[in-house]
Amino acid sequence: MRVLFVTEILNMTEAADQTCNDGINGSITTFHLFPGSVLALVRSRIASGVQIAGLLWVLSAIGICVADDSLRQGEYLLHLGGCIGCHTTDRMLAGGRPIESPFGTFYSPNITSDTEFGIGAWSDEEFVGALREGTSPAGRHYFPAFPYTTYTRMTRNDMLALKAYIMSLPPSTRQNSPHDIPWYVTPDWMMAYWKWRNFKPGAYIGSPAESPEWNRGAYLANALGHCGECHTPRNLFGATRRELHLAGSRWGVTMGERKNIVPNITPDPDTGIGSWERSDVIRLLMTGQRPDGAYTSGRMIEFLGAGFLHMTEPDRNALVTYLLTLPPIYHDVEFYNQPFSDPGYHE
């Protein structure tokens with residue numbers, strides 16, 4: 001009877017693992033709740049005649065396994081979320097990286113586990129509030145140089161897994177650098193108004209009309225990977241132009257000068273990636289190489305190195321599926337010698 005009971009527990013564990021893997025693969029995250037190595041060890045304990053003690057061992061092993069997988073998932077999310085590129089200069093996640101914009105230069109903050117200069121004293125709710133609502137623990141509104149406008153679509157589980165991994169890393173006592181921005185951008189009420197006009201918080205809701213792979217790709221692009229923050233043009237007030245989602249941007253362009261060109265990644269055949277083969281997009285995500293043999297450069301190659309090169313094959317395929325099935329948008333961001341011909345420049 002005791003052997004049967006423990007066997008039932010094992011079967012439930014295997015079922016939970018399969019359910020977790022099947023359900024999550026098609027939606028938000030990808031990891032085994034109970035790795036095969038743990039299940040194999042459990043079977044060996046049962047085979048050796050350990051019943052009640054074996055059951056207690058199973059339960060403790062499950063707890064260790066869940067914690068370990070949560071940290072691995074958090075590390076994966078850290079890479080895909082682009083956190084390292086923006087928050088690292090000479091010390092991991094210690095901030096100080098300048099982020100140039102038409103509104104001045106912002107400096108990324110220390111997000112290490114240090115309780116004084118980092119986010120080590122933050123509660124789970126405060127961390128979720130920063131990503132979901134764009135508000136600090138003190139209730140101030142963050143500038144959208146921090147892409148909470150996209151991170152808001154992350155699931156709560158992913159947010160907490162990310163926090164758990166960050167808290168497992170060494171702290172840094174680097175102090176935050178003040179932003180170099182004009183006075184009229186700094187009032188907190190200004191950001192409250194901006195958010196009221198341009199920001200809608202909330203987790204990603206999948207499209208029932210699309211496949212699980214497509215929805216996973218949409219989550220990677222529009223929540224975790226925040227592709228639209230760079231690949232979507234913005235209006236005069238710094239809000240993304242939704243009608244040109246992922247159609248490329250050219251902020252910083254002046255007459256005769258090519259600067260900060262971010263390409264159109266919709267499947268438009270003339271100005272986007274519509275003429276690319278699926279394998280071309282996969283190759284770029286894996287190596288940074290474009291179909292013409294040249295390599296991407298600037299922040300994108302950095303983002304690939306610290307981020308998307310860590311992407312699993314199923315996630316990479318999901319992202320490509322999503323990108324190649326978007327509505328094609330004609331938007332020639334390379335036409336930089338006549339920047340004012342685009343009506344969007346006057347919006």
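All residue numbers here refer to positions counted from 1 along the written sequence of the relevant chain. Reporting in this predicted model follows two pLDDT cut-offs: at least 70 for local features of residues, and 80 or more for side-chain atom pairs to be given and counted; totals over whole chains, interfaces and linings ignore these cut-offs and use all residues. Neither water nor hydrogens contribute to the side-chain values; these are computed over all heavy atoms in the structure.

Topic: the overall build of the chain
Looking only at helices and strands, the chain features 13 helices and two strands. Between two residues, a contact is recorded if the distance between any of their heavy atoms is within 4.5 Å. Considering only contacts within the chain whose residues lie at least 6 apart along the sequence, 63% involve residues at least 24 apart. As displayed, the chain has an accessible area near 17,800 Å², and 59% of this comes from carbon and sulfur atoms. Where helices and strands are cited, they refer to DSSP runs of H or I of at least four residues and of E of at least two residues respectively, numbered from the N terminus. Here, Shrake-Rupley sampling with a 1.4 Å probe gives the accessible areas, and only protein chains in the shown set may cover a residue.

Focus on the packing of helix 11 (residues 278-287) against helix 13 (residues 313-324)
Between helix 11 and helix 13, the shortest axis-to-axis distance is 10 Å and the interhelical angle comes to 130 degrees. Taken together, the axes of helix 11 and helix 13 lie oblique to each other. Crossing angle aside, the handedness with which helix 11 passes helix 13 is right-handed. Contact with helix 11, carried on its side by Arg278, Val281, Ile282, Leu285 and Met286, involves Arg316, Asn317, Leu319, Val320, Thr321 and Leu324 of helix 13 and no other residues of that element. All amino acids are sorted into three groups, where Ala, Val, Leu, Ile, Met, Phe, Trp, Tyr, Cys and Pro are nonpolar, Asp, Glu, Lys and Arg are charged, and the leftover types, Gly among them, are polar. For the contact of helix 11 with helix 13, the class distribution of residues is seven nonpolar, two polar and two charged. For helices, the fitted line uses only the C-alpha atoms of the stretch in contact; every axis is such a line through C-alpha atoms, and the angle between N-to-C directions lies from 0 to 180 degrees. Oblique is the label for any angle not under 35 degrees, not over 145, and not in the 65 to 115 range, which are roughly parallel, roughly antiparallel and roughly perpendicular in turn. What makes a crossing left-handed is the near helix being turned counterclockwise from the far one by less than a right angle; a clockwise turn instead makes it right-handed.

Considerations on the packing of helix 5 (residues 124-133) against helix 7 (residues 156-168)
Orientation of helix 5 relative to helix 7, taken along the N-to-C sense of each, is 115 degrees, at an axis distance of 10 Å. Along this stretch, helix 5 crosses helix 7, giving a crossing that reads as right-handed. Contacts from Asp124, Glu125, Phe127, Val128, Leu131 and Arg132 in helix 5 reach Arg156, Met159, Leu160, Leu162, Lys163 and Ile166 in helix 7. For the contact of helix 5 with helix 7, the residue count by class is seven nonpolar, no polar and five charged.

A closer look at unusual backbone geometry
Of note in the backbone geometry, Leu93 takes a positive phi value of approximately 65 degrees without being a glycine. Its place among the elements puts Leu93 in the loop between helix 4 (83-87) and strand 1 (98-101).

As for the environment of Lys195
Secondary-structure assignment places Lys195 in helix 8 (residues 188-198). A simple rule labels every residue: compare its accessible area, found with a 1.4 Å probe on the protein chains alone, to the largest value its type can have, and call it buried under 20%, exposed over 50%, or partly exposed in between. A relative accessible area of 7% means that Lys195 is categorised as buried. Spatially, the C-alpha atoms of Lys195 and Glu133 are 9.4 Å apart, while their sequence positions differ by 62 residues. Those residues in contact with Lys195 that sit more than four places away from it in its chain are Glu133, Gly134, Thr135, His141 and Tyr148.

Thoughts on the pattern of salt bridges
Here, a salt bridge means any Lys or Arg side-chain nitrogen found within 4 Å of an Asp or Glu carboxyl oxygen. Counted according to the given criterion, the structure contains nine salt bridges. Among the ionic pairs, Arg290 bridges to Asp292, the shortest N-O distance being 3.7 Å. On the basis of relative accessible area, Arg290 is assigned to the partly exposed category, the value being 30%. By relative accessible area, which is 57% here, Asp292 ends up exposed.

Regarding the layout of surface pockets
Note on definitions: the grid is 1 Å and covers protein atoms alone; a cavity is a set of points where a 1.4 Å probe fits but cannot get out; a pocket is an open set with protein on both sides within 12 Å along at least five of seven lines; lining residues have an atom within 4 Å of a point. Grid points are joined across faces, edges and corners, and a volume is the space filled by probe spheres set on the points. Taken as a whole, the second largest pocket encloses approximately 800 Å³ of empty space. Surrounding the second largest pocket, 32 residues form its lining, Thr149, Arg153, Asn222, Arg242 and His245 being those nearest its centre. Those elements that provide at least two residues to the lining of the second largest pocket are helix 6 (148-151), helix 8, helix 9 (212-224) and helix 10 (228-231). Counting residues per element, the lining of the second largest pocket draws most heavily on helix 9, at four residues.

Some words on the confidence of the model for the chain
Looking at any residue, its pLDDT shows the predictor's confidence there, from 0 to 100. Residues with a pLDDT of 70 or more make up 74% of the chain, whose mean pLDDT is 79. Of all helices and strands in the chain, the one with the weakest mean pLDDT is helix 1 (residues 2-25) (42), whereas helix 5 scores best (97). Here residues 252-257 is a poorly scored stretch, pLDDT under 50, and it has 14 contacts once near neighbours within four places are set aside; other chains count.

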